[in-house]
Amino acid sequence: MNYVIPAYRIFPLGDTALVIDYGNLVDEAVNKEVMSRFAQLKNANLPGVIEVVPAYSSLAVYYHPPEVWKKRTRAMTVYEWMKDEVGQLLAQPVANDQSTERLLTIPVCYEDEFAPDIRALSATKNISVEEIIQLHTATTYRVYMLGFLPGFSYMGEVDERISIARKPQPVNVTAGSVGIAGRQTGIYPLASPGGWQIIGRTPLKLFDVKKEEPALFKAGDKVQFISISKNEFANY
Amino acid sequence: MNLRIIKAGILDTVQDAGRYGGQDLGINPGGAMDKFAARVANILVGNDQQEAVIELHFPAAAFFFELPALISITGADFIASVNGEEVPVNQPILLSKFSILQFHGIKDGARAYLAVHGGLDVQPWLSSYSTHLRAAVGGFHGRSLQKDDEIVLKSTKDLCPLIGQKEFQVLPWKADDNWREWMEKDMLILPGNEWDRLTDISKEKLLQHPFYITTQSDRMGYRLQSDPLLSVVQEEVISSPVNFGTVQLLPDGQLIVLMADHQTAGGYPRVVHVISACHSRLAQLQPGEAIRFRITSIATAEALLLQQEQHLLQLQNACQFKLEQLLHAY
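Residues numbered from 1 in each chain as written. Chains lettered and ligands numbered in written order. Predicted model: local features only at pLDDT ≥ 70, side-chain atom pairs only at ≥ 80, totals over all residues. Heavy atoms only, no water.

## Looking at the domain arrangement of chain B
Many structure descriptions define interface size as the accessible area lost when the parts assemble.
Residues and elements named next belong to chain B.
Move 1: When cut into domains, chain B gives domain 1 (2-176) and domain 2 (187-296).
Move 2: A separation of 30 Å is found between the C-alpha centroids of domain 1 and domain 2.
Move 3: Between domain 1 and domain 2, the contact holds 24 residues from the first and 14 residues from the second.
Move 4: Taken together, both faces of the contact between domain 1 and domain 2 bury some 1400 Å²; the carbon and sulfur share is 48%.
Move 5: A salt bridge links arginine 219 to glutamate 55; the nearest nitrogen and oxygen atoms lie 2.8 Å apart.
Move 6: Of all elements in the fold, only α1 (35-44), β5 (69-77) and β10 (108-116) reach the threshold of two or more residues within the side of domain 1 that touches domain 2.
Move 7: If you tally residues by element for the side of domain 1 that touches domain 2, the top one is β10, at 5 residues.
Move 8: Of the residues that constitute the side of domain 1 that touches domain 2, the class distribution is 10 nonpolar, 9 polar and 5 charged. (Domains from an automatic or database assignment. Contact = heavy atoms within 4.5 Å. Buried area = accessible area lost by both parts, 1.4 Å probe. Salt bridge = Lys/Arg side-chain N within 4 Å of Asp/Glu carboxyl O. Helix = DSSP H or I, 4+ residues; strand = E, 2+ residues; numbered from the N terminus. Nonpolar A, V, L, I, M, F, W, Y, C, P; charged D, E, K, R; others polar.)

Pasting the structure below:
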């Protein structure tokens, strides 16, 4: 198989991190490349590296410059040294990392009590609540990245017919709330201020500090929502 | 032995150098706002630099020590007293049993750090003692300190013979307290990836005008106030990585500087980054104070950070030597 290494750019993120950037876009193939590189760079154990963090179409490598100071030659900065090391790794082809791709079924109750914004979405987009539920549960979403809050998953992409801009001002959101922002959908694992339009709530605990792996989702997961009743929610 | 909180402060939490390795799950590093000061506090009392300390905001908590202890206070100067008598910052202090430590006002800075020799016996979460307030985990039961909380201290060393009959004793060695004078007044910055989104006039403004820290500033970030800055492109930034010190341009043209509790990713243009060597100074600014930005090079930023590390190492060696002498003399 011909492996073409996608085009990327490396730039500094202050003086303690660099970013590998594949362009400012939401794209499944690009995100898969990001996840493969995340696995590769995490396992590379580069000196001075504190952690590697993937996002939609870019990933950051955080490092502690004093640890790398002696390794570089005097003519170059720590950043340039790190950039070279990372560049050498990126020049090696890697297989698409399939290990993180699981299918998770997430029960969601879309009833009014748990969906403060579903009526407004229905009115704005001129679509019935039933159709919103049907469309939201019809797609299998990809978890592109985790961020914003511990365990918060950015998933995409929702049908254009239920896509809606986030609120201009954040409001208090209950843990488990399922929201839409643009073509993204996501679930608040913890109570938090937030601007996503809330259309339902899951009874599942998405972030459990007592667990060794506290977050339910991982980037790369596939997610299927299923609609449950208030009664099922209460007895979940 | 216990350290008891006899009066709650406005926001006093257990912190350390931060929690790394969880950002891919959205768990932000957190940790002390002024990590340099937190490390100095530990060094002064002979602790590991990453040991848990208490970060204090003013009005700060009041503490009661059941047994003798060796403590230090660094970072902000909140006019500390032991049993009513003023004690200095940046010096180790031996306390006799039943001592009361209080703070009386802001002389300087925004966050003070209290370290106790031997450290605090708190549970780590994901290898860090830092309090994660949003997830309610880490530090002292995942929350800020309240009246009547009792923190167990790890030190088992009997300091009674050292302190003798005195109420307290300020030990004769100190950390540089002119840390804010080390560098020029300007906040040194590096251009961010979206720097070129600013119009030429806005770039000039950013480098020449003062930016005032507003009251909408906390451990997550400082919102700054100035003439609005303009962007040449309105294209949205897909959520992408940020860092401590990242300065983002908000849709209303104002800037926000990301601090210890910043989110792991952001969707606003990253126009500049405050260099690491300036983070300590940044963390000690209060609402109303002005920031002036000046561009520097990565080479300079790295050299200044290394200088800071070397300074801490020297301080650690000196303090270790003096502490060993003191502790072995009895």
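## Quick word on the packing of aromatic side chains
Residues and elements named next belong to chain A.
Move 1: Enumeration over the complete set of coordinates arrives at 15 aromatic pairs over all chains.
Move 2: On the numbers, 5.7 Å between centres and 55° between planes, the contact of tyrosine 141 with phenylalanine 225 is tilted. Linking tyrosine 141 in strand β6 (residues 140-146) with phenylalanine 225 in strand β13 (residues 222-228), this pair joins segments that are 84 residues apart in sequence.
Move 3: Among the aromatic side chains, those forming a connected cluster through ring pairs are Tyr56, Tyr144, Phe148, Phe152, Tyr154, Tyr188 and Trp196.
Move 4: Of note, arginine 72 hangs over the ring of tryptophan 69, and the distance from its end group to the ring centre comes to 4.0 Å. (Phe/Tyr/Trp six-rings, centres within 6.5 Å; stacked < 30°, edge-to-face > 60°. Lys NZ or Arg CZ within 6 Å of the ring centre and 35° of its normal.)

## Describing the sheet that holds strand β12 (residues 168-170) of chain B
Residues and elements named next belong to chain B.
Move 1: The strand order across the open sheet formed by 6 strands is β2-β3-β10-β5-β8-β12, and the pairing between neighbours is antiparallel. Strands with a single pairing partner mark the edges of an open sheet, and in this sheet they are β2 (13-15) and β12. With strand direction ignored, the average angle separating the axes of adjacent strands in the sheet is 30°.
Move 2: Bridge count between β5 and β10: 6 bridges; the pairing is antiparallel. When the sheet's bridge partners are listed, aspartate 77 is paired in β10 with aspartate 108. (Pairing = 2+ DSSP bridges. Axes fitted to C-alpha atoms, helices over the stretch in contact; angles between N-to-C directions.)

## Describing the interface of chain A and chain B
Move 1: Listed as interface residues are 48 residues of chain A and, on the opposing side, 40 residues of chain B.
Move 2: Carbon and sulfur atoms supply 62% of the area buried between chain A and chain B, which totals about 3600 Å² over both sides.
Move 3: Looking at the side of chain A facing chain B, the largest losses of area belong to Asp15(A), Asn24(A) and Glu51(A), adding up to 17% of the total buried there.
Move 4: At the boundary of chain A and chain B, one finds 0 salt bridges.
Move 5: The tally of links from chain A across to chain B stands at 13 residue pairs in polar contact (both at pLDDT 80 or more). (Polar contact = N/O pair within 3.5 Å; in protein donor to acceptor, adjacent residues only side chain to side chain.)

## Details of the side chain of Lys203(B)
Move 1: Note on placement: Lys203(B) falls in helix α3 (residues 200-208).
Move 2: With residues near it in sequence (within four places) discarded, Lys203(B) still touches Trp195(B), Asp196(B) and Leu198(B).

## What about the domain arrangement of chain A?
Residue and element names in this part refer to chain A.
Move 1: Domain annotation for chain A reports domain 1 (9-90) and domain 2 (103-234).
Move 2: Each of domain 1 and domain 2 was reduced to a C-alpha centroid, and the two centroids are 31 Å apart.
Move 3: With 9 residues of domain 1 at the contact, the number on the domain 2 side is 9 residues.
Move 4: Summing both partners gives a buried area of about 800 Å² for domain 1 against domain 2, and 55% of it is carried by carbon and sulfur.
Move 5: Of all residues in domain 1, Glu28, Asn31 and Tyr56 give up the largest surface area on contact with domain 2, accounting jointly for 58% of the area buried on that side.
Move 6: The closest approach of N and O atoms between glutamate 28 and lysine 222, which form a salt bridge, is 2.9 Å.
Move 7: The dominant element in the side of domain 1 that touches domain 2, judged by the number of residues it contributes, is helix α1 (residues 28-44), at 4 residues.

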